[in-house]
Amino acid sequence: MSKDKNTIQPIAGLDAVKMMREIREKLSEKYWKHPDILKKEMEEIRKKYHFKLMVTQ
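Residues numbered from 1 in each chain as written. Predicted model: local features only at pLDDT ≥ 70, side-chain atom pairs only at ≥ 80, totals over all residues. Heavy atoms only, no water.

Novice: Quick question: what am I supposed to make of the overall build of the protein here?
Specialist: If you tally the helices and strands in the protein, you get 2 helices and 0 strands. Here the protein has a C-alpha radius of gyration of 19 Å; the compact-globule value for 57 residues is 10 Å, and the former is much larger. Each principal axis of the C-alpha distribution contributes one length, and for the protein these read about 50 × 30 × 25 Å. Per-residue burial over the protein gives 0% buried out of 57 residues. Carbon and sulfur atoms make up 60% of the accessible area of the protein, which totals about 6,500 Å². Of the charged side chains in the protein, 14 are positive and 9 negative, and the gap between their average positions amounts to 5 Å. (Helix = DSSP H or I, 4+ residues; strand = E, 2+ residues; numbered from the N terminus. Rg over C-alpha atoms; globule rule 2.2 N^0.38 Å. Buried < 20%, exposed > 50% of the residue type's maximum accessible area, 1.4 Å probe, protein only. Areas by Shrake-Rupley, 256 points an atom, 1.4 Å probe, with all protein chains shown as cover. Lys, Arg positive; Asp, Glu negative; His and termini not counted. Charge placed at Lys NZ, Arg CZ, Asp CG, Glu CD.)

Okay, here's the thing in structure tokens:
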């Protein structure tokens, strides 16, 4: 049995950490300045995927 089945090779020139930082920064700017947009989009996601809001006591 070979242990190296399906090993994924890194993609040249792809910096995943940098990419995630850029995405986080973009979303942070979008929602930090407009929390009402965040609330609206989260509500739409809850409806789409049938999530229920849990209330902590």
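From this point, the discussion proceeds with the structure in view.
Novice: It is not clear to me how a nonpolar patch on the surface should be interpreted in this structure. Could you clarify?
Specialist: Taken together, Ile11, Leu14, Met19, Met20, Ile23 and Leu27 make up a surface patch of nonpolar side chains, about 570 Å² in accessible area. With respect to the helices and strands, Met19 occurs in helix α1 (residues 16-33). A relative accessible area of 38% places Met19 in the partly exposed class. (Patch = residues over 30% accessible without salt bridge, like charges linked within 9 Å, V, L, I, M, F, W, Y side chains within 5 Å. Salt bridge = Lys/Arg side-chain N within 4 Å of Asp/Glu carboxyl O.)

Any functional reading would require information that these geometric values do not contain.
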